[in-house]
Amino acid sequence: MPGSLVGVRSVLPTDPEVPAVAAPRTPKTVRKVLGRLSLPERTFVADALRTETVGGVLLLVAAVAALVWANIPALRHSYESVSHFHFGPGTLGLNLSVAHWAADGLLAVFFFVAGIELKRELVAGDLRDPRAAALPVVSALCGMAVPALVYTLTNLTGHGSTQGWAVPTATDIAFALAVLAVIGTSLPSALRAFLLTLAVVDDLFAILIIAIFFTDRISFPALGGAVAGLAVFWLLLREGVRGWYVYVPLAVVIWALMYNSGVHATIAGVAMGLMLRCTTREGEEHSPGEHVEHLVRPLSAGLAVPLFALFSAGVAISGGALGDVFTKPETLGVVLGLVVGKTLGIFGGTWLTARFTHAELSEDLEWADIFAVASLAGIGFTVSLLIGELAFAGDTVLTDEVKAAVLAGSLIAALCATVLLKIRNARYRGLCEDEERDEDRDGIPDIYEQDDPAYHLRMAKIYEHKAAEHRRIAAQKATAARHGLQEVPGGAGDEDGRPA
């Protein structure tokens with residue numbers, strides 16, 4: 001047809017010469033791996049990580065203090081005396097050492113907070129969506145399976161003990177964030193949230209490992225009493241009963257019964273955390289779980305975990321001891337599991353998840369960023385030390401050597417992560433600046449308002465005001481320049497009697 005566009009023909013739908021044309025398909029939305037967080041999720045992650053970072057710095061200080069205290073000859077005896085000092089009601093089976101109280105008592109608070117975090121993730125966070133949950137769950141599972149495999153192969157090859165297979169499987173989120181705080185890396189919120197969610201899932205599986213593999217004996221009367229106490233705890237929550245004076249004594253009773261049952265007492269903490277409601281109802285600004293977590297998290301991060309580190313990280317370090325870390329199969333397996341196994345497991349799990357779910361990595365990130373965060377997850381401290389004590393409970397020497405291996409592996413992982421993150425630090429700073437920019441000063445980062453017409457109208461007013469101000473300044477400068485030329489005729493550059 002003359003005058004028509006090439007390849008275009010106007011016909012009726014009933015034209016027999018033209019085959020029926022299928023309706024255009026709606027393009028599928030490509031799911032992004034580690035895309036930008038929603039604003040509420042970003043706010044929650046920022047608040048949680050702020051507390052964890054402070055707690056991580058305290059954890060770092062406590063670990064260094066423990067090493068100094070245990071390795072100065074004049075102070076070593078006092079460290080051992082304090083750690084092994086027993087107190088508590090013996091008739092209730094609770095005459096424990098200070099180190100034992102820190103591991104079984106204070107860590108129950110840590111796992112209580114971990115239980116609340118997990119519950120919130122399951123009902124209100126990223127884990128409520130199975131597709132979004134697949135990434136951290138698969139990554140965490142691979143990040144635990146590969147270190148366990150690395151440890152087992154190392155010990156089978158070197159004829160060592162495979163009892164410590166679970167030691168390198170844990171990630172210490174507080175310690176990892178303390179490293180971030182020290183090196184000053186502006187990690188984007190999506191990567192920080194990935195690290196936090198990964199650690200929460202990691203904690204859950206670590207609790208299951210402790211409950212299943214490190215329970216030697218079970219007292220069914222005590223366990224039945226603990227279960228009955230948990231049922232009462234749940235009923236009180238369901239009925240809306242409030243008051244710390246009700247729940248704290250009940251929690252102590254549940255913890256004591258769980259301890260005497262033979263099941264590790266920290267299980268009581270996570271069970272109570274999972275029972276708290278983490279969804280808001282009409283008239284509530286925050287759910288009970290969020291409120292309790294806000295109150296207890298500083299106690300966990302600022303007191304419970306640092307005190308545990310103080311009485312668990314105090315191992316004697318010498319040239320020979322450090323040499324043994326890299327020569328004995330048990331300790332070498334721990335180091336390789338944390339440094340190599342964790343990194344390859346988490347990175348591989350993330351890549352496989354993206355590959356088989358047809359998801360794409362966020363355009364702001366590269367796979368090198370995932371590798372760096374995976375290496376950061378190799379910092380295993382709190383739970384790794386705890387599992388090391390449980391795995392080699394009958395061998396004090398090997399327990400201390402495994403603790404030294406945990407410290408060495410965590411330090412190497414921290415150094416590797418520091419180098420990798422520093423390489424991309426300039427890019428991270430740019431991403432963080434984009435996330436924080438709020439030019440219209442309404443309290444919401446501009447990046448979350450790109451689809452809001454009101455935002456663009458506000459920005460138009462701001463730029464119109466700036467443009468008017470620049471025009472006014474330009475007019476003043478032009479007027480001043482003209483007046484200056486009239487007042488000073490001639491001079492340098494004067495040509496034909498005209499001012500320059």
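Residue numbering note: each chain is counted from 1, following its sequence as written. Only residues with pLDDT of at least 70 get local features here, since the model is predicted, and only at 80 or more are side-chain atom pairs given and counted; chain-wide, interface and lining totals rely on the full set of residues. Heavy atoms from the whole structure form the basis of all side-chain values; hydrogens and water molecules are not counted.

Quick look at the overall build of the protein chain
- Secondary structure is summarised from DSSP: a helix means a run of H or I of at least four residues, a strand means a run of E of at least two, and numbering begins at the N terminus for each. Regarding its fold elements, the protein chain presents 17 helices and 4 strands.
- Note on classification: 1.4 Å probe, protein chains only; a residue is buried when its accessible area is under 20% of the maximum for its type, exposed when over 50%, partly exposed between these limits. The buried share among the 500 residues of the protein chain stands at 44%.
- It only takes one pair of heavy atoms within 4.5 Å for two residues to be counted as in contact. Look at the contacts in the protein chain between residues 6 or more apart in sequence, and 76% of them connect residues 24 or more apart.
- Accessible surface computed for the protein chain: about 25900 Å², of which carbon and sulfur atoms make up 65%. Areas reported as accessible are Shrake-Rupley estimates using a 1.4 Å probe. Residue values count occlusion only from the protein chains shown.

Some points on the nonpolar core
- Residues belong to one nonpolar core when they are buried, are Ala, Val, Leu, Ile, Met, Phe, Trp, Tyr or Cys, and are joined through side-chain atoms within 4.5 Å. In terms of nonpolar packing, the biggest core is built from 103 residues, with Phe111, Leu195, Met272, Val334, Leu376, Ile379 and Phe381 touching the most fellow members.
- Ranked by residue count, the leading element in this core is helix α6 (residues 189–213), at 12 residues.
- Counting 7 residues, the second largest nonpolar core, distinct from the first, contains Leu94, Trp255, Tyr259 and Ala265.

Some details on the confidence of the model for the protein chain
- Every residue is assigned a pLDDT by the predictor, reflecting its confidence on a scale from 0 to 100. Considering every residue of the protein chain, the mean pLDDT works out to 81; 81% of them sit at 70 or more.
- Across the protein chain, the secondary-structure element scoring lowest on mean pLDDT is strand β1 (residues 32–33), at 60, and the one scoring highest is helix α7 (residues 220–238), at 94.
- Contacts from residues 1–29, a stretch scored under 50 in pLDDT, to residues over four places away or in other chains number 4 contacts.
- pLDDT under 50 marks residues 488–495. Its contacts with residues more than four places away, or in other chains, come to 8 contacts.

With respect to the packing of aromatic side chains
- A pair of aromatic rings is counted whenever rings of Phe, Tyr or Trp (Trp by its six-membered ring) have centres within 6.5 Å, and the orientation is called stacked for planes under 30 degrees apart, edge-to-face for over 60 and tilted otherwise. Counted by the stated rule, this structure contains 12 aromatic pairs.
- Considering the side-chain rings of tryptophan 69 and phenylalanine 311, the 6.5 Å spacing of their centres and the 55 degrees angle between planes classify their relative orientation as tilted. With a gap of 242 residues between them, tryptophan 69 in helix α1 (residues 39–71) and phenylalanine 311 in helix α10 (residues 288–312) connect regions that are remote in the sequence.
- Assessed through its relative accessible area of 22%, tryptophan 69 is described here as partly exposed.
- Between tryptophan 101 and tryptophan 255, the aromatic rings sit 5.5 Å apart at their centres with planes inclined by 20 degrees, giving stacked as the arrangement. Placement of tryptophan 101 in helix α3 (residues 98–123) and of tryptophan 255 in helix α8 (residues 244–261) is noted, with a sequence separation of 154 residues between them.
- Aromatic ring contacts, followed pair by pair, group Phe85, Phe87, Trp101, Trp255 and Tyr259 into a single cluster.
- Two limits define a charge over a ring: the Lys NZ or Arg CZ must be within 6 Å of the ring centre, and within 35 degrees of the ring normal. The lysine or arginine in question, arginine 355, covers the ring of phenylalanine 356, its NZ or CZ lying 5.7 Å from the ring centre.

Observations concerning the pattern of salt bridges
- A pairing counts as a salt bridge when a side-chain nitrogen of Lys or Arg comes within 4 Å of a carboxyl oxygen of Asp or Glu. Scanning the entire structure with this criterion turns up 7 salt bridges.
- Linking glutamate 389 and lysine 403 is a salt bridge whose minimum nitrogen-to-oxygen distance equals 3.0 Å. In this pair, glutamate 389 sits in helix α14 (residues 382–391) while lysine 403 sits in helix α15 (residues 396–423), placing the two residues 14 residues apart along the sequence.
- Under the relative-accessibility criterion, glutamate 389 is labelled partly exposed at 22%.

Comments concerning the packing of helix α13 (residues 367–376) against α15
- Between N-to-C directions, angles cover 0 to 180 degrees, with each direction set by a line fitted to C-alpha atoms, over the stretch in contact for helices. Viewed as axis vectors pointing N to C, α13 and α15 meet at an angle of 160 degrees, and their least axial separation amounts to 8 Å. Classified by the angle their axes make, α13 and α15 are roughly antiparallel. Seen from above, α13 lies across α15 with left-handed handedness. Residues Phe371, Ala372, Ser375 and Leu376 of α13 pack against Ala413, Cys416, Ala417, Leu420 and Leu421 of α15.
- Each residue is assigned to one class: nonpolar for Ala, Val, Leu, Ile, Met, Phe, Trp, Tyr, Cys and Pro, charged for Asp, Glu, Lys and Arg, and polar for all the others, Gly among them. Its residues placed into classes, the contact of α13 with α15 shows 8 nonpolar, 1 polar and no charged. Here roughly perpendicular refers to angles of 65 to 115 degrees, roughly parallel to angles under 35, roughly antiparallel to angles over 145, and oblique to all remaining angles. What makes a crossing left-handed is the near helix being turned counterclockwise from the far one by less than a right angle; a clockwise turn instead makes it right-handed.

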